[in-house]
Amino acid sequence: MRPEYVLGLRCTVCGTFFEDFEALFTCPHCGEKGILDVEYDYLKIKGHFDKMSLSRNRDYTIWRYLPLLPLLGKPKQPLLKVGYTPLYEVKRLGEAYHQQNLFLKDDGVNPTGSLKDRASILAVAKAIEAGKDTICCSSTGNAASSLAGNAAKVGLKTLIFVPERAPKGKLAQLMIYGANLVIVKGDYKAAFNMSKAAIDQYGFYNRNAAINPYLVEGKKTVALEICEQTNFESIDWVIVSVGDGCTIAGVYKGFYDMKSLGMISKIPRILGVQADGCKPLLEAFVSNSDLKESDENTLADSIAVGIPRNPKKALKAVYESKGSYISVTDDEILEAMRILGRTEGVFAEPASGASVAGFIKAKQRGLLADGDRVVIIHTGNGLKDIQSGLKAVTLPEAVDPDTTQLKTIVERMN
Ligand SMILES: *Cc1c(COP(=O)(O)O)cnc(C)c1O
Ligand SMILES: [Zn+2]
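First, a word on what this report is: a plain description of the structure on this page.

**Thoughts on the side chain of Asp117**
Inspection of the secondary structure puts Asp117 in helix α4 (residues 117-129). One buried charge, Asp117, has no salt-bridge partner; the nearest side chain with opposite charge is Lys384, at 6.9 Å. With residues up to four places along the chain from it excluded, the contact list for Asp117 reads Val82, Asn110, Pro111, Thr112, Ser146 and Asn150.

And the structure:
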């Protein structure tokens, strides 16, 4: 059955349109590279969904955007509360870099601590629709822990493959949520291939974000919320870090939906941020050529993706929005994590610090004008990766409980 407002799926490579699509994940003509995109009947949606209906809607989760989601309905089971995260005006950070209108979308407060919850809850809902009892994925960490949490809430089983380097906080989450966890000796590519084989052989529901076309639709709700939370006023730039490319694709899709519905007047320029040690999409963008595999050499584990699985949509987001790609070093990421924490009280994991570092660098390079309205997307909570957090700072030595030391302590305060 096709959801009411969905027209079908279109292949991003050969353009074939599929009306009857429930069993499809990728295009049968193009194979795994034939990533599909969900198309909506915007005309029909307009009759049921507008600024007025949104302003009356009391459901402050991603389900407020149900007409724009590829589902038959909201699942009946109680779910984790995903989405409608705060959009902060970050004045102190803005002042430090002469950015007058700077906002931070705090997706670190999602139930499992990252933006990935937006995709995972869609995976859970689609798996329920498909009558599956087990969901499988590979992940650098957040997609995995997020899937495990959202699946646990509705009693679905998970089989999850992560690379050995996945941060301990994310592994702890996985085990606490009761996932069947496989730690693969190797990198993300190795974990991805294992999950693919498991899905092919056992028919588990597939939560690999690029291959499953519905997950980007979950991720796009971050952009839908940004539109609503900025009163549908125009935004000049949105900054987001990029690994597989599904998040940036979702960000573009959300703004595209809003523009197609006439709810915003322009799609913001999108700035994709990659790590210096792993920037295959930036390189493809700059050289206007095919993607080349890259090393995965950065402490920002969530964006350490040597072969991005969603390159077409990730590049399209930037081309079509007249945005850009930029890369940042690990030191710049650690610095950005400190700056964000000190100025705004927000603790970011490295991949999320990368977005802030990307903002700082773009500003220094003159890409952003002082008066531009800019939104940085904070994608993951720093508590997930304490080891990296500690790399960004120096812990003080323990002192004797001797009050005569207080004078020196107070003199040293910053
Ligand atoms: C997954 C992730 C990203 C990047 O998303 P992709 O879809 O892989 O490009 C950025 N930040 C965090 C915290 C993530 O978990
Ligand atoms: Zn195709």
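**Side note on the sheet that holds strand β12 (residues 324-328)**
Read from one edge to the other, the open sheet built from 6 strands follows the order β4-β5-β13-β10-β11-β12, with strand pairing classed as mixed. A single partner strand is all that each edge strand has here, and the edge strands are β4 (87-89) and β12. Recorded for the sheet is a direction-independent mean angle of 25 degrees between the axes of neighbouring strands. Sheet topology places strand β10 (residues 237-241) next to strand β13 (residues 373-378); 3 bridges connect them, and they run parallel. The partner of Ile239 across the bridge, within β13, is Ile376.

**Topic: the sheet that holds strand β1 (residues 6-11)**
Spatial strand order, β2-β1-β3: 3 strands in an open sheet with antiparallel pairing. Of all strands in the sheet, those bounded by a partner on one side alone are β2 (17-18) and β3 (36-40).

**Describing the packing of aromatic side chains**
Here the distance between the centres and the angle between the planes together describe a pair of aromatic rings. Under the counting rule described, the total for this entry stands at 11 aromatic pairs. Plain terms: the ring middles of Phe25 and Tyr205 are 5.8 Å apart, the flat faces sit at 90 degrees to each other, and that makes the pair edge-to-face. Residue Phe25 is found in the loop between β2 and β3, and its partner Tyr205 is found in strand β9 (residues 205-206); the two are separated by 180 residues along the sequence. Ring centres of Tyr42 and Tyr256 lie 6.3 Å apart, and the angle between their planes is 65 degrees; on these two criteria the pair is classed as edge-to-face. Of this pair, Tyr42 sits in helix α1 (residues 42-46) while Tyr256 sits in helix α10 (residues 246-260); the two residues are 214 residues apart in sequence, bridging distant segments of the chain. Among the aromatic residues, those joined into a cluster by ring pairs are Tyr40, Tyr42, Tyr252 and Tyr256. Sitting over the face of the ring of Tyr214, Lys126 holds its NZ or CZ atom 4.3 Å from the ring centroid.

**Regarding the coordination of the zinc ion (ligand 2)**
Surrounding the zinc ion (ligand 2) are the protein donor atoms Cys11 (SG), Cys14 (SG), Cys27 (SG) and Cys30 (SG), at 2.3 to 2.4 Å. For the zinc ion (ligand 2), the 4 donor atoms in the first shell make angles of 105 to 114 degrees at the metal, so the coordination geometry reads as tetrahedral. Its relative accessible area of 1% is what places Cys27 among the buried residues.

About the cut-offs
Residues numbered from 1 in each chain as written. Chains lettered and ligands numbered in written order. Predicted model: local features only at pLDDT ≥ 70, side-chain atom pairs only at ≥ 80, totals over all residues. Heavy atoms only, no water. Helix = DSSP H or I, 4+ residues; strand = E, 2+ residues; numbered from the N terminus. Buried < 20%, exposed > 50% of the residue type's maximum accessible area, 1.4 Å probe, protein only. Lys, Arg positive; Asp, Glu negative; His and termini not counted. Salt bridge = Lys/Arg side-chain N within 4 Å of Asp/Glu carboxyl O. Contact = heavy atoms within 4.5 Å. Pairing = 2+ DSSP bridges. Axes fitted to C-alpha atoms, helices over the stretch in contact; angles between N-to-C directions. Phe/Tyr/Trp six-rings, centres within 6.5 Å; stacked < 30°, edge-to-face > 60°. Lys NZ or Arg CZ within 6 Å of the ring centre and 35° of its normal. Donors = N, O, S within 2.8 Å, 3.2 Å for Na, K, Ca; no water. Tetrahedral: all angles 85-135°; square planar, octahedral: opposite > 155°, others 65-115°.

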